Amino acid sequence: MGPASKLVVAELSADDATSGAIAEHLAARQIELCSKFAGVARRYQSTDAARELVPDLNSGSGGFGAWRNGRLVGFLHGTSNGAFGFVPSTHHGLDPSEADPTDVYGQMYAALAVRWLSDGVTVHDVEVPAIDVLEQAWFDLGFGRRTCFATRDIGSSSEGGSTDADIRVATEEDLPEIVRLALLEAQFRAAPPLFAEQGPLDSAVFLAQHRQLASAGGAHLLARCQGKDVGFLTIEPRSPAVLLTADDAPFIGPTGVEPAARGQGIGHELVAAAVKWARAHDQRWMSVSFNPSNLMSRPFWRGCGFDPTGWKVARRLPVEQP
């Protein structure tokens, strides 16, 4: 490969040409994703629309581009918080004509990883659309799947019910019960084989989070059996992964059933109620995220008709560097 076609990796700068090229790459990739899945964002298939997704190149803890013959062929922009670094699907992209995505992403990630490590950022997450060549590139770089984003069409489906659970939309008075159940769900995720990385299981923190969700337009569903609340499901107004799920579709957040009440179909009843709630709000799609290593969540959500559209892949680097 001659000098003229050598890949050059450097920091991204905030200029119109760079922003325009980033928007082009995002739009082209979204067109490809939409050709594979119906339940993903269709709003960003044009360069003009994708411009609103371009990251602020003057912020964050790392923004690098890859140029070939003076043309931007890839970009990678990350933010960090403590030991955690994150690159959402809106903050990376690649020219589809590039023959070796692993090489382009690898050279950009090498630059970002050095910066992150110097700041003590050792857990690196990247949100990747379910496009084979992109997933393979990040697998080649040592990343593994941490989280699955999945969607389902609720417009024409029907849900059956076979339990005696009473499902209701929770109110402010139900927040203590929601927090109790949410803490149980978080404790389950902290157990093997998932070993979820999460903050302290503080009831006051959980209370504030779930109160904020309700005030932002979300909803909590509670399942009651024999006079006791045994399960919950949260509905957030929109997905945190805007490209991997349908436009403005509701997103199912933390969900769980008490251990003693599992296996009775209560989880499916909660999903059926969530579908009914979404239809009442004129929605056609719902989305969810789950950890593939959660041996209960993966078969449950797939069994409820949710199909993967993207992943959060992760890599943990040694704290002590040679």
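Given the structure is predicted, the values throughout are model-derived calculations rather than measurements.

1. Describing the overall build of the protein
Along the backbone of the protein there are eight helices and 13 strands. For the protein, whose C-alpha radius of gyration is 21 Å, the value lies close to the compact-globule estimate of 20 Å for 322 residues. Each principal axis of the C-alpha distribution contributes one length, and for the protein these read about 75 × 45 × 30 Å. Burial analysis of the protein (322 residues in total) assigns 52% to the buried set.

2. Thoughts on the pairing of strand β9 (residues 219-225)
Where burial is concerned, most of β9 is hidden: six out of the seven residues are buried. In terms of strand pairing, strand β8 (residues 166-169) meets β9 through four bridges, oriented antiparallel. When the bridges of β9 are listed, isoleucine 167 appears paired with alanine 223. Two elements, β9 and strand β10 (residues 228-236), share seven bridges in a ladder whose sense is antiparallel. Residue pairing for β10: leucine 221 is matched across the bridge by leucine 233.

3. Overview of the confidence of the model for the protein
Per-residue confidence for the protein gives a mean pLDDT of 91, with 95% of residues at or over 70. Averaged over each element, pLDDT in the protein is lowest for helix α6 (residues 203-215) (87) and highest for helix α4 (residues 132-140) (98).

4. Some thoughts on the state of the cysteines
In the structure shown here, the tally under the stated rule is zero disulfides. In this structure cysteine 148 is not part of a disulfide, and its nearest cysteine sulfur, from cysteine 304, lies 13 Å away.

5. With respect to the side chain of serine 89
As for its placement among the helices and strands, serine 89 is situated in the loop between β4 (84-87) and β5 (92-94). Among the polar contacts listed, one links the side chain of serine 89 to the side chain of glutamate 127, at a separation of 3.0 Å. Setting aside chain neighbours within four positions, we find serine 89 in contact with Leu26, Arg29, Glu127, Pro129, Leu243 and Leu244.

6. A short note on the packing of helix α5 (residues 175-190) against α6
Contact geometry for α5 and α6: axes closest at 9 Å, N-to-C directions at 115°. The pairing of α5 with α6 is recorded here as roughly perpendicular in orientation. Relative to α6, α5 is oriented so that their crossing is right-handed. Contacts between α5 and α6 involve Leu175, Ile178, Val179, Ala182, Leu183 and Ala186 on the former and, on the latter, Ser203, Phe206, Leu207, His210 and Arg211.

7. Focus on the packing of aromatic side chains
Each aromatic ring pair is described using two quantities: the centre-to-centre distance and the angle formed by the ring planes. Throughout the structure, instances matching the rule amount to six aromatic pairs. Seen in terms of ring centroids, tryptophan 138 and phenylalanine 143 are 5.1 Å apart; in terms of plane orientation they differ by 85°. Their pairing is edge-to-face. Take tryptophan 138 and phenylalanine 143: they sit in the same class, and that class is buried. Aromatic side chains tryptophan 301 and phenylalanine 306 sit 5.5 Å apart centroid to centroid with 85° between the ring planes, which places their arrangement in the edge-to-face category. Taken together, the aromatic side chains of Tyr105, Tyr109, Trp138 and Phe143 make up a single cluster linked through ring pairs. Taking the ring centre of phenylalanine 306 as reference, the NZ or CZ of arginine 152 above it sits at 5.8 Å. The ring of phenylalanine 188 has arginine 262 lying over it, and the distance from NZ or CZ to the ring centre is 4.9 Å.

8. Focus on the nonpolar core
Among soluble globular proteins, nonpolar side chains are generally buried collectively. Core analysis: the biggest nonpolar cluster contains 64 residues, and Trp138, Leu233, Ile266, Met286, Trp301 and Phe306 have the highest contact counts within it. It is helix α7 (residues 266-280) that contributes the most residues to this core, eight residues altogether. Once residues within four sequence positions are removed from consideration, tryptophan 301 is found in contact with Leu233, Ile252, Thr255, Val271, Val288, Phe290 and Phe306. One finds Ala27, Ala41, Leu53 and Leu72 within the second-largest nonpolar core, a separate group that totals 17 residues.

9. What about the pattern of salt bridges?
Tallied over the full model, the rule gives 16 salt bridges. For arginine 43, the salt bridge goes to aspartate 248, with nearest N and O atoms at 2.5 Å. A residue pair is termed long-range when its members are at least 10 positions apart, and arginine 43 in the loop between α1 (16-36) and α2 (47-50) and aspartate 248 in the loop between β10 and β11 (251-257) qualify at 205 residues. Judged by its relative accessible area of 38%, arginine 43 falls in the partly exposed class.

10. Thoughts on the environment of alanine 10
Among the secondary structure elements, alanine 10 is positioned in strand β1 (residues 7-11). Given the relative accessible area of 32%, alanine 10 is considered partly exposed. Those residues in contact with alanine 10, other than ones at most four positions away along the chain, are Gly63, Phe64, Gly65 and Trp67.

11. Remarks on α7
The end-to-end C-alpha distance of α7 is 21 Å, a good match for the 21 Å that 15 residues give at a rise of 1.5 Å each. The buried fraction of α7 amounts to eleven of the 15 residues, a majority that puts the element mostly inside the structure. Every buried residue of α7 is listed here: Ile266, Gly267, Glu269, Leu270, Val271, Ala272, Ala273, Ala274, Val275, Trp277 and Ala278. One or two steps after α7, the chain reaches aspartate 282, where phi turns positive at roughly 60°.

Criteria and cut-off values
Residues numbered from 1 in each chain as written. Predicted model: local features only at pLDDT ≥ 70, side-chain atom pairs only at ≥ 80, totals over all residues. Heavy atoms only, no water. Helix = DSSP H or I, 4+ residues; strand = E, 2+ residues; numbered from the N terminus. Rg over C-alpha atoms; globule rule 2.2 N^0.38 Å. Buried < 20%, exposed > 50% of the residue type's maximum accessible area, 1.4 Å probe, protein only. Pairing = 2+ DSSP bridges. pLDDT = per-residue confidence, 0-100. Disulfide = S-S within 2.5 Å. Polar contact = N/O pair within 3.5 Å; in protein donor to acceptor, adjacent residues only side chain to side chain. Contact = heavy atoms within 4.5 Å. Axes fitted to C-alpha atoms, helices over the stretch in contact; angles between N-to-C directions. Parallel < 35°, antiparallel > 145°, perpendicular 65-115°, else oblique. Left-handed = near helix turned anticlockwise from the far one by under 90°. Phe/Tyr/Trp six-rings, centres within 6.5 Å; stacked < 30°, edge-to-face > 60°. Lys NZ or Arg CZ within 6 Å of the ring centre and 35° of its normal. Core = buried A, V, L, I, M, F, W, Y, C linked by side-chain atoms within 4.5 Å. Salt bridge = Lys/Arg side-chain N within 4 Å of Asp/Glu carboxyl O. Expected span 1.5 Å × (residues − 1).

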